[in-house]
Amino acid sequence: MSRSAAGSDLTVRQRLSKLDVATAPYVYIAPFFLLFAVIGLFPMLFTAYVSTREYGLLSGDAGPAGIDNYAFVLTNDRFFIGLRNTFSIFLLSSVPQMVAAIAIAAVLNANLRARTFWRMGVLLPYVVAPVAVSLIFGQIFADQSGVINAVLTSIGLDPIGWHSEVLPSHIAIATMVNFRWTGYNTLIFLAAMQAIPHDVIEAAIVDGASRWRTFWHVTVPMLRPTIMFVVITSTIGGLQIFDEPRLYDSAGLGGNSRQWMTIAMYMYELGWGPQRNLGRASAVAWILFAIVVVFALLNFWLTSRIATSGTPVARSRKKARA
Amino acid sequence: MSSVATAHQLAGPGAARAAARRRARMQSGGRRPGWVTYTLLALVLLISAYPLYFAFLLASSTAPDIAVNPIPSLIPQGHLMENIERVFSSVPFWSALWNSVIVAVSVSFTTVLFSTLAGFAFAKLRFRGKRGLLAFVIGTMAIPPQLGIVPLFIVMVQLDLAGKLPAVIIPGMVSAFGVFWMTQYLTEALPYELIEAARVDGCSMIRTFWHVALPAARPAAAMLALFTFISSWTQFFWPYIILGPANPTLPVALQLLQSSYFKDMSLIMAGVVLATAPLVALFFVAGKQLVSGIMAGAVKG
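Residues numbered from 1 in each chain as written. Chains lettered and ligands numbered in written order. Predicted model: local features only at pLDDT ≥ 70, side-chain atom pairs only at ≥ 80, totals over all residues.

Heads up, the rule is: UniProt positions are given in the numbering used here, feature names are shortened, and annotations may be inferred rather than shown by experiment.
In the nomenclature of an unreviewed UniProt entry, chain B corresponds to Carbohydrate ABC transporter permease from the organism Propioniciclava soli. On record in UniProt, under Subcellular location (unreviewed entry), the comment for chain B is "Cell membrane". In the Sequence similarities (unreviewed entry) part of its UniProt record, chain B is described as follows: "Belongs to the binding-protein-dependent transport system permease family."

### Concerning the UniProt feature "transmembrane region" (unreviewed entry) in chain B
Quick reminder of the rule: Runs of E in the DSSP output that reach at least two residues are strands. Runs of H or I that reach at least four are helices, and both are numbered from the N terminus.
Within the UniProt annotation, "transmembrane region" (unreviewed entry) is assigned to residues 35–56, 96–121, 133–159, 165–187, 208–230 and 266–286 of chain B. Span residues 133–159 of chain B is 67% helix and 0% strand, its end C-alpha atoms 30 Å apart.

### A short note on the confidence of the model for chain A
Residues and elements named next belong to chain A. Condition: As a per-residue quantity, pLDDT reports the predictor's confidence and falls between 0 and 100. What counts as a contact here is a pair of residues whose C-beta atoms, placed from the backbone, lie within 7 Å.
Model confidence for chain A is summarised by a mean pLDDT of 86, while 92% of its residues fall at 70 or above. Per-residue pLDDT stays below 50 along residues 1–7; that stretch engages in zero contacts with residues further than four places along the chain or on separate chains. pLDDT under 50 marks residues 310–322. Its contacts with residues more than four places away, or in other chains, come to six contacts.

### Let's talk about the environment of Gly129(B)
In this structure, Gly129(B) sits in the loop between α5 (93–124) and α6 (130–140). The spacing of Gly129(B) and Phe88(B) is 41 residues in sequence and 54 Å in space, taken between C-alpha atoms.

### As for the interface of chain A and chain B
Let me state the cut-off plainly: All amino acids are sorted into three groups, where Ala, Val, Leu, Ile, Met, Phe, Trp, Tyr, Cys and Pro are nonpolar, Asp, Glu, Lys and Arg are charged, and the leftover types, Gly among them, are polar.
Opposite the 78 residues of chain A that make contact, chain B presents 80 residues. For the side of chain A that touches chain B, the element with the most residues is helix α1 (residues 2–50) of chain A, which contributes 19 residues. Looking at side-chain class alone, the side of chain A that touches chain B contains 60 nonpolar, 15 polar and three charged residues.

### Remarks on the pairing of strand β1 (residues 53–56) of chain A
One face of the sheet, then the other: side chains in a regular strand alternate in exactly this way. Residue and element names in this part refer to chain A. Under the convention used in this document: Think of it this way: DSSP has to see at least two bridges between two strands before they count as a pair.
Pairing of β1 with strand β2 (residues 60–64) involves three bridges; the strand directions are antiparallel. Within β2, the residue paired with Gly-56 across the bridge is Gly-60. Between β1 and β2, which follow one another and run antiparallel, lie three residues.

### Considerations on the environment of Tyr192(B)
Residue and element names in this part refer to chain B. Stated precisely, the cut-off is as follows: Three exposure classes are used. Buried residues have 20 or more other C-beta atoms within 10 Å of their own C-beta, exposed residues have 12 or fewer, and partly exposed residues fall in between, all C-beta atoms being placed from the backbone.
In this fold, Tyr-192 is placed in helix α10 (residues 192–200). Taking the number of C-beta atoms within 10 Å as the measure of exposure, Tyr-192 has 8 and is therefore exposed. Distance from Tyr-192 to Lys-124, taken between C-alpha atoms, is 7.3 Å for residues 68 residues apart in sequence.

### Quick word on the nonpolar core
The line we're drawing: The term nonpolar core refers to a set of buried Ala, Val, Leu, Ile, Met, Phe, Trp, Tyr and Cys residues connected through C-beta atoms within 7 Å.
With 162 residues, the main nonpolar core has Ala132(A), Val284(A) and Val272(B) as its most contacted residues. With 15 residues, helix α11 (residues 205–234) of chain B is the largest single contributor of residues to this core. Once residues within four sequence positions are removed from consideration, Val284(A) is found in contact with Val73(A), Ile263(A), Tyr266(A), Met267(A) and Leu270(A).

Here is the structure:
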């Protein structure tokens with residue numbers, strides 16, 4: 001009797017344990033998917049809905065708008081100014097940043113004394129909030145009583161309108177982005193360089209390649225996946241840039257003629273500015289999303305092409321085919 | 001080849017150090033670099049540190065002085081404390097600091113907990129649809145957060161959370177990056193044998209997680225906590241929209257400092273110094289971990 005009781009008790013426990021094993025994984029990953037559904041997927045779809053509605057910040061939903069919101073945005077000069085500024089700032093920040101990060105990583109990839117100290121040194125700007133970076137560089141690049149213009153005038157050059165002119169303001173904002181992210185990306189490239197097997201580098205040196213040629217034809221092509229990773233992530237982040245240009249002056253509108261207003265700032269201005277029009281802001285959000293997707297794919301394609309054309313393997317293959 | 005320890009005994013500590021250095025050199029493959037390298041690095045260091053020191057210099061000077069001398073002298077003047085006091089009287093600094101602490105701590109805590117749970121499941125448990133679900137998680141990283149900001153705002157207003165901290169905490173409770181990161185780490189760091197041993201000993205799944213997976217995940221969890229803390233502390237766009245000036249976090253308070261006054265740079269920079277100091281302090285304590293975290297993530301990612 002007692003035996004069979006113990007046996008049935010065991011099966012209940014076994015059943016429970018089986019249930020535990022079967023459901024546990026889903027329970028553990030549930031928080032992510034629940035939260036994503038609530039703050040990711042639902043807002044994304046709802047943005048699409050709001051973008052087709054007359055939707056005020058305070059008045060709420062006031063009926064269908066069809067494609068009016070999109071039509072408004074796509075026929076508005078400010079949208080295209082914002083688009084131009086966003087891309088210009090993005091290019092000015094991502095390209096020099098990538099070059100600088102790879103160069104600094106190459107320098108750090110030596111047998112240094114106090115390695116950790118130098119590595120920490122490049123990462124320091126990462127802990128400064130973009131808002132603080134913007135306030136600091138806003139003063140360094142101030143039109144009057146700014147550091148750079150003071151240096152320029154002291155050596156006899158004309159001061160530059162870092163706020164009043166288009167390209168200089170883009171350079172200033174790109175500098176803030178570069179300041180904060182170059183070190184971070186440097187460490188990513190450094191790690192990738194250290195993962196390159198020594199014998200590959202040594203083989204190139206034995207073959208008589210100079211240091212520079214080894215770097216350009218062996219190291220850089222082997223960084224390809226890392227370059228692509230950094231390009232994609234900086235595209236997603238860079239096209240959404242808001243904090244730095246928003247605080248570049250105290251008005252936060254992107255300058256008198258919106259010379260440094262980005263798409264994200266335009267979205268904010270439509271939704272939370274004087275228009276208080278969330279429908280139009282949503283239309284901008286979707287257009288921005290479409291641009292990010294297209295641009296990320298384009299970047300992916302372009303980077304993979306550029307990076308392959310540099311590798312000796314790809315070249316010899318091309319030669320073989322020819 | 002004699003070991004470093006024998007060199008220490010036979011030829012004294014100097015020779016032992018030299019032997020250790022030789023070995024390190026052979027491992028990292030290369031000669032000690034010359035002064036050019038160090039000069040370049042010093043320059044990089046200068047560029048990354050000067051803007052912070054510049055903020056400190058302006059914070060210890062006065063507005064008229066900044067107008068006269070755009071390039072501050074490298075020796076700080078003595079007005080830091082009075083500028084800091086002016087920051088306290090012009091924005092709700094302490095409540096902003098407290099808000100930032102609460103948000104960053106709770107976001108880091110929940111992100112680490114939920115990401116480790118999900119990472120454990122993805123790395124070590126068998127279930128239907130695992131690969132597809134993991135790919136989905138990674139795919140969500142490509143979605144720009146700004147895409148959902150309008151409805152998120154509408155929802156928070158409906159839930160009566162606008163202007164309140166949960167509105168900032170909830171969207172940050174778990175991240176795709178965190179899940180991916182913990183999955184990567186636990187795949188390598190947690191042997192199946194340990195899990196099986198715990199199971200044989202009669203541990204339920206959650207006890208196995210708690211007593212086996214969580215301790216194994218500790219180094220990666222600490223790094224995830226650090227990165228989450230920093231990104232939460234420096235976040236601006238969403239808190240700015242949903243919290244507004246009435247109940248700000250530190251970055252939002254900084255923005256207030258700039259817009260509410262005649263642009264007094266000594267005041268603004270005192271605010272910048274105050275808001276940045278906690279993270280710089282954290283950096284001096286945990287910078288080494290940050291460096292190795294980024295480098296570890298890069299190799300795996």
